[in-house]
Amino acid sequence: MKLTEQDLHLLEFASYDDYLNSLIDGKSLQYFGNRENLISLYRTGYRALTKEAFDAQRTFLEVTKDPNTLFSRHIAPKDRFLQEIAKRERPNRLGLLSTIIYMRYVKKATEISGYIDYEEALRRVHQDQQYSNDWRAIFAEEKVLYPTPADLLYYNAKTGRSTRNNTRNYQILCDPARGIIFRNMYDRKDIYPDPVARSYGTNTSRIELASDLYEQVVLYDHVKE
């Protein structure tokens, strides 16, 4: 995607407040009386982006401009799970490592569980793309990450809804003896997420993490050959 001058102009603002202040001119002040009233009106989305839309659009533009931009840069999460995926962000982006995240998350008394292809989820950042992730807010612990119907495997315990999706990185297989298998599409190696398995696959390790934000989190790290 080629960025326009208008797109790049949005990247010039260091903060949402800077963006709002740039919209104020003499004519608007004449109509609305004072700066505070005008800023409050803009925050509602009147003739301006809301803060959520501003943050999402800037994230998308930064990644489009530089695909190697790290969402976790300059953020120091306190939660152990977020610390671990922050460490894995760069090698996943570069294709040196492929991480699958298993998690169980309780939202409004409903348990949502599933498997997330981390590298693919990192690419879902466009504000208009369904099930996109605001990764900066996730690393800053302002929002939570949880499986969605767009991820590898998704299950909603309340509705009974479940989905499965092959991704650019993985094909889902079902073996009568070993259960679910994730086949890496680059080196054709299989990952076995069975927690009691003797081996999780060639060049694959498993780590379960304690987290204050999630019921259960497991990372499967596959080093590509």
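An unreviewed UniProt entry lists the protein chain under the name Cilia- and flagella-associated protein 299, from Anopheles merus. Turning to the protein chain, the UniProt annotation filed under Function (unreviewed entry) states: "May be involved in spermatogenesis."

A. Summary view of the nonpolar core. Residues F81, I85, I101, M103, W135 and L145 are the most contacted members of the largest nonpolar core, which totals 21 residues. Contributing elements (two or more residues each) for this core: α6 (80–93), β1 (97–107), α7 (118–123), α8 (135–139) and β9 (216–223). Here the element with the most residues in this core is α6; it accounts for 4 residues.

B. Broad picture of α6. In a regular helix each residue adds 1.5 Å, so 14 residues correspond to 20 Å; α6 covers 20 Å between its end C-alpha atoms and thus fits that length. Where α6 bends most, at K87, the angle is about 30°, and the proline P91 comes one to four residues later. When α6 is considered as a whole, its buried residues turn out to be F81, L82, E84, I85, A86, R88, E89, N92 and R93. Residues of α6 that are buried sit in contact with β1, α7, α8, β8 (204–209) and β9.

C. Expanded view of the domain arrangement of the protein chain. Per the domain assignment, the segments of the protein chain are domain 1 (5–65) and domain 2 (80–223). One C-alpha centre belongs to domain 1, the other to domain 2, and the line joining them spans 35 Å.

D. View of the pattern of salt bridges. Going through the model one piece at a time under the given rule, you end up with 14 salt bridges. As a salt-bridge pair, R43 and D17 come within 2.7 Å of each other at their nearest N and O atoms. Highlighted residues: R43 in helix α4 (residues 35–43) and D17 in helix α2 (residues 16–22), separated in sequence by 26 residues. For R43, a relative accessible area of 41% corresponds to the partly exposed category. For E84, the salt bridge identified is with K87, shortest N-O distance 3.3 Å. You can see E84 and its partner K87 sitting in helix α6, 3 residues apart, about one turn around the helix. For E84, a relative accessible area of 8% gives the class buried. On the basis of relative accessibility, which here comes to 57%, the residue K87 falls in the exposed class. Linked through salt bridges whose partners overlap, the residues forming this network are R80, E84, K87, R88 and D221.

E. Main features of the sheet that holds β9. Spatially, the 6 strands line up as an open sheet ordered β4-β3-β2-β1-β9-β8, and their pairing is antiparallel. Each end of this open sheet is capped by a strand with a single partner; those strands are β4 (162–164) and β8. With direction set aside, neighbouring strand axes in the sheet form an average angle of 10°. Against the sheet, α6 makes contact with β1, β8 and β9, and its axis sits at roughly 150° relative to β1, the strand it touches most.

About the thresholds
Residues numbered from 1 in each chain as written. Predicted model: local features only at pLDDT ≥ 70, side-chain atom pairs only at ≥ 80, totals over all residues. Heavy atoms only, no water. UniProt positions renumbered as here; feature names shortened; annotations may be inferred. Core = buried A, V, L, I, M, F, W, Y, C linked by side-chain atoms within 4.5 Å. Buried < 20%, exposed > 50% of the residue type's maximum accessible area, 1.4 Å probe, protein only. Helix = DSSP H or I, 4+ residues; strand = E, 2+ residues; numbered from the N terminus. Expected span 1.5 Å × (residues − 1). Bend = angle between axes of the 7 residues up to and from the residue. Contact = heavy atoms within 4.5 Å. Domains from an automatic or database assignment. Salt bridge = Lys/Arg side-chain N within 4 Å of Asp/Glu carboxyl O. Pairing = 2+ DSSP bridges. Axes fitted to C-alpha atoms, helices over the stretch in contact; angles between N-to-C directions.

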